[in-house]
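Spelled out from the first residue to the last, the chains are:
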Amino acid sequence: ERGRLSRLRHTPAVTLDGQKVELLANIEMPEDAPGAVLAGAVGVGLFRSEFLFMGRKGDLPGEEEQYQAYKKAVEGMQGLPVTIRTIDVGADKQLDDSISDAAHLNPALGLRAIRWSLADPAMFLTQLRAILRAAAHGQVNLLIPMLAHASEIRQTLSLVDFARAELDNRGLPYGPVKLGAMIEIPAAALTLKIFLKYFDFLSIGTNDLIQYTLAIDRADESVAHLYDPLHPAVLRLVAETIAECDAQGKGVSVCGEMAGDITLTRLLLGMGLRSFSMHPAQILAVKQEVLRADAARLAPWAQRVIEAEDPASMLAK
Ligand code: PEP
Ligand code: MG
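In this report, we go over the structure that sits alongside the text. (Residues numbered from 1 in each chain as written. Chains lettered and ligands numbered in written order. Predicted model: local features only at pLDDT ≥ 70, side-chain atom pairs only at ≥ 80, totals over all residues.)

## Side note on unusual backbone geometry
For residues other than glycine, phi is negative in most cases, and the peptide bonds are mostly trans.
And step 1. With phi around 55 degrees, Ala113 is a residue other than glycine that occupies positive phi space.
And step 2. Summarising the element assignment, Ala113 is placed in the loop between β3 (82-85) and α4 (114-119).
And step 3. Assessed through the 25 C-beta atoms surrounding it within 10 Å, Ala113 is described here as buried.
And step 4. In this structure, Met146 is a non-glycine residue whose phi angle is positive, near 65 degrees.
And step 5. You can call Met146 buried: it has 24 C-beta atoms within 10 Å. (Helix = DSSP H or I, 4+ residues; strand = E, 2+ residues; numbered from the N terminus. Buried ≥ 20, exposed ≤ 12 C-beta atoms within 10 Å, placed from the backbone.)

## Here's the deal with the environment of Arg129
And step 1. Residue position: Arg129 is located in helix α5 (residues 121-134).
And step 2. Accessibility expressed as a C-beta count within 10 Å gives 22 for Arg129, which makes it buried.
And step 3. Along the primary structure Arg129 and Gly62 are separated by 67 residues, whereas in three dimensions their C-alpha atoms are 10 Å apart.
And step 4. Ignoring sequence-local partners within four residues, the contact set of Arg129 consists of Glu63, Ala163, Glu166 and Leu167. (Contact = placed C-beta atoms within 7 Å.)

## What about the site of ligand 1?
And step 1. Taken together, Leu46, Arg48, Asp88, Glu184, Gly205, Thr206, Asn207, Asp208, Cys255 and Gly256 make up the full set of residues adjacent to ligand 1.
And step 2. Elements supplying a minimum of two residues to the shell around ligand 1: β2 (44-48) and α9 (206-214).
And step 3. Partitioning the shell around ligand 1 into residue classes produces 2 nonpolar, 4 polar and 4 charged. (Near = placed C-beta within 6 Å. Nonpolar A, V, L, I, M, F, W, Y, C, P; charged D, E, K, R; others polar.)

## A word on helix α6 (residues 150-170)
And step 1. Along its 21 residues, α6 runs 31 Å from first to last C-alpha, staying within 8% of the 30 Å computed at 1.5 Å per residue.
And step 2. Here α6 has its buried residues at Ile153, Thr156, Val160 and Ala163. The arc that holds every buried residue of α6, seen down its axis, measures 80 degrees, which confines them to one face. Within α6, the exposed residues directed more than 90 degrees away from the buried face are Ser151, Arg154, Ser158, Asp161, Ala165, Asp168 and Asn169.
And step 3. Against α4, α5, β4 (140-144), β5 (177-183) and α8 (192-198) lie the buried residues of α6. (Expected span 1.5 Å × (residues − 1). Arc of directions from axis to C-beta.)

Here you go:
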């Protein structure tokens, strides 16, 4: 099976009815980039930058160190686009205790991701400058996690502008970036118009979207059986986000675990999804599903799955 799959590495991901599909990689360190290219990824859809910050004692990486790391990822992708997500710490991704206090009552609902960044603008600006500088070396997209409020969006965008102004003042080169937001809080999916107004592209984070839609802690084993990607509420939020982006001609991808699950590839294609970002090891198997799929015929079926009381029973067939 592995050998057969590896022959698909250079085969473009196109459905039977000619729909082009983009298969991207999720990476955690710059060193993962060459492996992503080898796995057949046509870019990085999610570089989880927090991994540069985790497992460190007492200090965070400064601008220069971050710039070198992002540049390495960009160069490792050999001209393919790299979507760098700003730091998403808190909840399931904790920093060392000496840097941030993990003892919050409910970390998943607490100072996490963009909330943490906006609470420490100097830290956030350092990261933004490093990413903008890396964008001088290749195609970089800047992705913001965990946004829910229009005020957070406006604050974030003005800090991006401020970071550019700081680089101008210092005479340092930087490149253009497309700006994207993660849709991973139900409130964001339900107010998508605001996100469509401000951002160039959107990326659906199903791991958190499931957690926050179903009120199931994604890290709590005792409720893992209720963590259901196929809950009709989750499917509706994902499908409506894809459809609204399509209608506006905005790029949208799924970068949560659902994107790499081959039992869900046909359903996501049927919803209209044409961009999937996943662990590199899953790319060839998902590509095989894409090559066998007829997207036009999947669309009405996907609609019935979304509306079903028990969507899982419809996938089994
Ligand atoms: C997600 O929430 O689906 C996602 C891709 O981000 P993370 O898993 O890093 O929270
Ligand atoms: Mg997330």
